[in-house]
Number of protein chains: 2
Amino acid sequence: MIYIVVIAAVLSLSFAAFNYLTVKNMPEGTEKMQEIAEAIRIGANAFINYEYRILYLVVGIVAVLLAVITTWHAAVALLIGSAMSGCAGFVGMKIATYSNVRVANRARETENIGETVKVAFRGGSVMGLCVGGFALLGIFIVYMVFGIGMGQISITSASYTNMLGLSFCPFTMTLSGYALGCSMVAMFNRVGGGIYTKAADMGADLVGKTEAHIPEDDPRNPATIADNVGDNVGDVAGLGSDLLESYVGSISSGIILAYHMFSKSVAEGTGMDSVLLNKLILFPLVFVSVGLIASCLGIASLLFKKKMSDDPHKDLDGSTYLASGVTIILGLLISYFMFVEFESASLKTILGFSCGWLSAWIAAAIGVIAGVVIGILAEFYTSADFKPTRILAQASLEGAALTITQGLALGMKSCMAPCLVLGAGIILSYQAAGMYGVAMAAMGMLSFVTATVSVDTYGPISDNAGGIAEMSLLNPNVRRITDTLDSVGNTTAAIGKGFAIGSGALAALALMISYQYSYNDFNSELILNLMEPMTLAGAIIGGALPFLFSGMLIDAVAKAARKMVSEVRRQFREIPGILEGKAKPDYKTCIEISSKGAIGEMKVPSMLAIVVPVACGFVFGPEFVGGILIGSTICSIMIAIFAGNAGGAWDNGKKYIESGHIAGFGKGSPAHDAAVIGDTVGDPLKDTVGPCLDIFIKIMSTVSLVAVAVFAEHNLVDLISRLF
Amino acid sequence: MIYIVVIAAVLSLSFAAFNYLTVKNMPEGTEKMQEIAEAIRIGANAFINYEYRILYLVVGIVAVLLAVITTWHAAVALLIGSAMSGCAGFVGMKIATYSNVRVANRARETENIGETVKVAFRGGSVMGLCVGGFALLGIFIVYMVFGIGMGQISITSASYTNMLGLSFCPFTMTLSGYALGCSMVAMFNRVGGGIYTKAADMGADLVGKTEAHIPEDDPRNPATIADNVGDNVGDVAGLGSDLLESYVGSISSGIILAYHMFSKSVAEGTGMDSVLLNKLILFPLVFVSVGLIASCLGIASLLFKKKMSDDPHKDLDGSTYLASGVTIILGLLISYFMFVEFESASLKTILGFSCGWLSAWIAAAIGVIAGVVIGILAEFYTSADFKPTRILAQASLEGAALTITQGLALGMKSCMAPCLVLGAGIILSYQAAGMYGVAMAAMGMLSFVTATVSVDTYGPISDNAGGIAEMSLLNPNVRRITDTLDSVGNTTAAIGKGFAIGSGALAALALMISYQYSYNDFNSELILNLMEPMTLAGAIIGGALPFLFSGMLIDAVAKAARKMVSEVRRQFREIPGILEGKAKPDYKTCIEISSKGAIGEMKVPSMLAIVVPVACGFVFGPEFVGGILIGSTICSIMIAIFAGNAGGAWDNGKKYIESGHIAGFGKGSPAHDAAVIGDTVGDPLKDTVGPCLDIFIKIMSTVSLVAVAVFAEHNLVDLISRLF
């Protein structure tokens, strides 16, 4: 059954290649359009090349450390993981920089929304298909390389002693190493891309919109190409590798959990046989494989649709819902084939599966549904179709201060509903299938990630297409079409963000549980006890960590944005005729400022998530790290929801005013100025802080999971207490 | 030794009465001054009377419920607690409304900073002394009423069966009830006062400063009297009852913890005798009593000082440091007398006191030091003498958006340092004296609260004095003196806020530990296990609670402020000659808007903290509530620090620009406008959200502590699982 994984991966990657070539062979449009697209492409490639050089240097160092301190298996898996994630991000971004201009051109040639949507979605689907395809391909390679495929897991091989004389479970180490590789790429792509895109965006807006009063994407603004580059490196490559790592995290935590929970009872011979164990370990892999196949189906259903509806949102939603629905149905089938042979009563007593063979499927389906509901909640809080954002837009009439205040309130209040869904999801999936069920819920939520990433990537591609249309001075009709696409993209982005946070939270919790399993020895009850002073202190300090991380990211964006502001001001001042459109601005310097700012500022926050748990582990021991994980996970979930929703609502509140919904206060009114300030404040929150936190908690959990085998035995506090 | 409690209480209250009368007998100044002071006083009295009517209605209802569902002891103690806290807030506010005008008059008569400081501090000391005096008096009364004073605690009386047939430990119930009474008053005073003061402040600023460009406290602004009333109801009465409840919470959690931890081993006769138990229970009470005496000393040292220094800050700090130093020294003496008779080895084996008789004192001293350090950290992040606030002020040059962004980053980054101090405090005090040590650290931090509240209350009194001076059109020299006092008050307020959060966090943790002791039966290990799905789900939902609460508070302030804005605009429009100073504004309507807004908006958030844990307890049981407590405590600590520091830094950043520190950008410059927006955004964060969160977590813990005896046995989830 492991071959279903490789079948799904190959299917997905072939589909991606087909779409890649199809898009690339489309015409690019006018010379001016080609020129601008070329500039964006060069900027994006240059940045990603430079970023990857630093990234792979760090990955290399970590791999060597892993090989020395833990096992070489983990190091190799880390390299495979980082290669897969790196490829997905690179290919997805590459095609996005080809698609943008072709979307604009299709709009120019056909002036038809449906046709244009298809091109944008085809481009986006490459990113989505690469995420699913490369992730599963990598897991398959890891299985092959280490021969830990199905049927070959045995408890006797459960220990490997490395050159320092430390013992490890190679199974756990390999999968964790793979997940860590994916996470590291995601972290750098998200942080670097996030700083890049928002520095350019804020810099462009602060001078362009607020001071010079020229519209967005105006070719007179020197920061505008950098802004469009940012969409590709931040919102495409960053988003793709982010969800790839969530995907891998949720799969691997499910497998590790199953292994730790049940391998003991196999060894002891207490009712559990290795056939059942293997099936439990296999289940998440098979489930995501059918999810990937379902996602291909969902994507194909849109691409090969004859008659598109008038509303792109409906078509895109249709594709996602089809993918999730088929995933649930296929999931039921595989659950039946895998678990029906075991008796319900024995599943119940041995595994705590209260619903017999249906249990694992129910837990996964709860995850799918919870993911969809959390996405809808994000839409409720951030779309101008609903009350919260409309109230926010009204507050802009009273000035910038109340716009900000009301937005903060909106973001804070919006945390509760998704957390209730998460809480309910945890309790229900636990009822169905114990802790394994919680991990399956996380896995289920992410199983159709390929479909959601395709829709998410459609957004920045459309945004870029609009920018190119504006800068190439195309017929306003073209811009009208791309604007429709873009506004749909904003909604899908909000849904996607809610989804990413929800799934990230569940995946992090599953990893945290795996961490506890790795640390608690087999004979003790599984606890993470906040009545332990070490755990309690860890939880409080851990709670402050995401705040520190977020503050550093905002600072980094603000710093780079301020440099951009100075440069744009300088160009407006020193290049004569620039504002009249007679002289060409110096786009390249702005691109360089964004690149340098992002590269310079990304290192410290990216390393924080790796260094802190390891350092704390070796000093204070595993209880402290457990506390750190729980504190930072809880606070990260909250800040990410807060940041995503407040930022999204500010953005859409501004758009609501711009489209003239509040009589007497359109573009250029004081209310609009206030709304622009809100939007600018929200930018780094929703596009840098929120998405990065999602990775932050998972990378911390994965690093802890890898390192715990060492620091559980060797830490300073232990040493001191043994000395005295 | 219980009599030291009543001696300290009587000493403190007598000193308060003496200062009250001394201040009241001072001359009030010109007729205009008297008239304005009268208006402020009437407004404040009217609000507090109306607020107390609602408050005591709610207290009455809760008391009846407590008497029916738990024990009558708890109900009576609740009434005593609410009476004590209510008195302290009322008396302190009353004298503040007498002091303000007398401070202005003293400045007018003497034109001497030192003399003026003394009057303001004398007024403030009444609040401080009432906090310490009434709190301890109440505890003494509770002891007397219920005969559970020293020597009378016995394990045989540890159970009381109420009319519903439920069993309770009257000792725990009585103390928790008392703490709950204090907490409820604090919640209403803080939330009501906080909404009142910030609605008035924001309303006055939004129209006055931003639109009409008239200075603060200008008599032409109709909201200005309401603004000054707000200082008294929010920053005096609210602050006083807030710290009173922290004080009582830390004392009672220490006592309850000692009782639960050690009474079992007395009953079992395993090495612990009742003499030692009584001493452990008595220790926190005696320690805070000597702390109160030390605080009286610190206050007297300033009031009876012959030669004041030029810098009021130094004098005020001197008084606090004297109080804390004497507390530590006297604490050492009482530890010696109480514990030296027991052998170190036996203390170590029975209690886990690693330093023998010194252990409890060391833990308390760690608390004192941690409190001082956290205060200093708050000053670092919010004072314009240091880098963070200066960078923030610089960001104002780039406009409002970057001012807000940079302030958010500052607030977020500032969470880590105080959390490190808290974490270290927890670990070290645990090392010294186990969980009892953690509770002693909380108690120690608050033991000299009378000194800190006196300094804190000095701030709003000086602020009010400045307002009266401005409105009475006194000699600018007077305003200069009160401005000096006010700016010192801003620094002390920042320190006080840091201190309140730090101590609140420790007290909440101690209460949470007591909660666990009440719920876990004597025979099981003490755990709050986040691997339990109920606890985990509770922690996630609990984490969202303070965000919801904060969002609701900000919303409430914004709503009331917007009404105020409309009213001020209306008056400027409809009353001819108002801006030329020829017509008198209608102050009364503005006062009514603030009052009504505060009263209307305070109910839901205030009740949230009481209703949520009880409702969750009866539905999901004690594990879930334990999760709620940990999640909300961690997130509340972070938001409170974030809100306090971001708000303080915006405020002082604005002042930094106003005082001309950035060349070319003074009052009225675009940079100043941006800074004013930052300050306005920060207002509800630092003065409403931050302080209320502090009470929020303690009231939740106390309510849970009271109700757990019932819902641990009777809850829906239990019922369902028993049925199936």
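Presented here is a report on the structure given in the accompanying data block. Everything quoted here is computed from the prediction, not taken from an experiment. Once a new chain begins, its residue numbering starts again from 1 and follows that chain's sequence as written. For naming, the first written chain is A and the first written ligand is 1, with later ones following in the order written. With the structure being a predicted model, the display of local features is reserved for residues of pLDDT at least 70 and the display and counting of side-chain atom pairs for 80 or more, all residues being used for whole-chain, interface and lining totals. Here the side-chain values reflect all heavy atoms present in the structure, with hydrogen atoms and water set aside.

A few points about the environment of B:Arg53
Short version of the rule: Each helix is a run of H or I in the DSSP string that is no shorter than four residues. Each strand is a run of E no shorter than two, and both are numbered from the N terminus. Working definition: with a 1.4 Å probe on protein chains only, accessible area under 20% of the residue-type maximum means buried, over 50% means exposed, and in between means partly exposed.
If you trace the backbone, B:Arg53 turns up in helix α2 (residues 31–69). Overall, the relative accessible area of 59% leaves B:Arg53 in the exposed class.

A short note on empty space enclosed by the protein
Residue and element names in this part refer to chain B. Formally: As defined here, a cavity is a set of points on a 1 Å grid over the protein atoms alone where a 1.4 Å probe fits but cannot get out. A pocket is an open set with protein on both sides within 12 Å along at least five of seven lines, and residues line them when an atom is within 4 Å of a point. Grid points are joined across faces, edges and corners, and a volume is the space filled by probe spheres set on the points. Polar here means any residue outside two lists: the nonpolar Ala, Val, Leu, Ile, Met, Phe, Trp, Tyr, Cys and Pro, and the charged Asp, Glu, Lys and Arg; Gly therefore counts as polar.
Summed over the entire model, instances satisfying the criterion amount to seven cavities of 30 Å³ or more. Reported here for the largest cavity is a volume of approximately 120 Å³. Along its surface, the largest cavity is lined by 13 residues, and Ala378, Gly498, Ile501, Ile641 and Asn645 are the ones closest to its centre. Mapped by element, the contributors of at least two residues to the lining of the largest cavity are α10 (359–382), α15 (476–519) and α18 (622–658). Here the lining of the largest cavity takes five residues from α15, the largest share from any one element. Split by residue class, the lining of the largest cavity holds seven nonpolar, five polar and one charged.

Notes on the interface of chain B and chain A
Definition in use: Whether two residues touch is decided by their heavy atoms; if any such pair falls within 4.5 Å, the residues are in contact. Each of two parts loses accessible area, computed with a 1.4 Å probe, when they are put together; buried area is these two losses added. Salt bridges, as used here, are contacts in which a Lys or Arg side-chain nitrogen is within 4 Å of a carboxyl oxygen on Asp or Glu.
Across the contact, 68 residues belong to chain B and 68 residues belong to chain A. Together chain B and chain A conceal approximately 6,600 Å² of surface at their shared face, both sides included; 81% is due to carbon and sulfur atoms. Inspection of the chain B/chain A interface yields four salt bridges. Residue A:Glu398 pairs with B:Arg569 through a salt bridge whose shortest N-O separation is 3.4 Å.

Regarding the relation of the copies chain B and chain A
Just so we agree on the cut-off: Copy-to-copy alignment: least squares on C-alpha atoms, limited to residues at pLDDT 70 or above in both.
Laying chain B over chain A is done by rotating through 180° and shifting 0.0 Å along the axis; what remains is an RMSD of 0.0 Å. This pairing of chains is accounted for by a two-fold axis. For chain B, the residue whose C-alpha comes nearest the rotation axis is B:Asn529, separated from it by 2.3 Å. Interface overlap between copies: 99% of the residues of chain B at the interface are likewise at the interface in chain A, consistent with a symmetric, same-surface contact.

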